[in-house]
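# Structure at a glance
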Amino acid sequence: QVQVVESGGGLVQAGGSLRLSCAASGSMFSIVAMGWYRQAPGKQRELVAAISVGGSTNYADSVKGRFTISRDNAKNTVYLQMNSLKPEDTAVYYCNTGRYYSGSYYADYWGQGTRVTVSS
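Residues numbered from 1 in each chain as written. Predicted model: local features only at pLDDT ≥ 70, side-chain atom pairs only at ≥ 80, totals over all residues. Heavy atoms only, no water.

## Observations regarding the nonpolar core
Counting residues in hydrophobic clusters, the biggest one holds 28 residues, and the most contacted among them are Met34, Trp36, Phe67, Val78, Leu80, Met82 and Tyr93. When contributions to this core are tallied by element, the ones reaching two or more residues are strand 3 (18-25), strand 4 (33-39), strand 5 (46-51), strand 7 (67-72), strand 8 (77-82), strand 9 (91-101) and strand 11 (114-119). In terms of residue count, the dominant contributor to this core is strand 3 (four residues). (Core = buried A, V, L, I, M, F, W, Y, C linked by side-chain atoms within 4.5 Å. Buried < 20%, exposed > 50% of the residue type's maximum accessible area, 1.4 Å probe, protein only. Helix = DSSP H or I, 4+ residues; strand = E, 2+ residues; numbered from the N terminus.)

Encoded structure:
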């Protein structure tokens, strides 16, 4: 059974930075894609970033240039470095294992989320 656990959320001022971590176990971490979704109040859940088995990355336009997804296969961990945070980034962030089909990322196993609040 796959276990996904996020950490690193919190409250930060606009313009600040935060780094989220996601530990995955119970699966072959090095052969699965990983991604981060978020859900903000009053908005649909959206894919923020994803990273393939080979290390290629994709980002939502709203975070491109500010967020960086990376993975450390030796530690079975994926990270989301968030810089230049805006109040619009306030959301619950969900880490997941997944896969790519037809150029799009799809999540398979989800963590329970970590809350990020960006104050103005």
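## As for the packing of aromatic side chains
Under the counting rule described, the total for this entry stands at five aromatic pairs. Relative to Trp110, the ring of Tyr37 has its centre 4.9 Å away and its plane inclined at 40 degrees; by these criteria the two rings are tilted. With Tyr37 in strand 4 and Trp110 in strand 10 (residues 104-110), this pair connects stretches of sequence that are 73 residues apart. Summarising the aromatic geometry, the rings of Tyr94 and Trp110 are spaced 6.1 Å apart at their centres and angled 70 degrees between planes, so their arrangement reads as edge-to-face. Of the two residues, Tyr94 is situated in strand 9 and Trp110 in strand 10; the sequence distance between them amounts to 16 residues. Given a relative accessible area of 33%, Trp110 falls into the partly exposed group. Ring pairing ties together the aromatic residues Tyr37, Tyr94, Tyr100, Tyr105 and Trp110, which thus form one cluster. The positively charged end of Arg19 is found above the aromatic ring belonging to Tyr79, 4.1 Å away from the centroid. Above the plane of the ring of Tyr94 lies Arg45, whose end atom (NZ or CZ) is 4.5 Å from the centre. (Phe/Tyr/Trp six-rings, centres within 6.5 Å; stacked < 30°, edge-to-face > 60°. Lys NZ or Arg CZ within 6 Å of the ring centre and 35° of its normal.)

## Topic: the sheet that holds strand 1 (residues 3-7)
The strand order across the open sheet formed by four strands is 1-3-8-7, and the pairing between neighbours is antiparallel. Looking along the sheet, the strands with just one partner apiece sit at the ends: strand 1 and strand 7. Each neighbouring strand pair of the sheet contributes to a mean axis angle of 15 degrees, computed without reference to strand direction. Sheet topology places strand 1 next to strand 3; five bridges connect them, and they run antiparallel. (Pairing = 2+ DSSP bridges. Axes fitted to C-alpha atoms, helices over the stretch in contact; angles between N-to-C directions.)

## Things to note about the state of the cysteines
Applying the stated criterion across every chain, the model contains one disulfide. Between the sulfur atoms of Cys22 and its disulfide partner Cys95 the distance amounts to 1.9 Å. With the S-S bond torsion at -85 degrees, the cross-link from Cys22 to Cys95 turns out left-handed. Of this pair, Cys22 sits in strand 3 while Cys95 sits in strand 9, placing them 73 residues apart in sequence. Of the two residues, Cys22 and Cys95, neither departs from the other in class, the shared state being buried. (Disulfide = S-S within 2.5 Å.)

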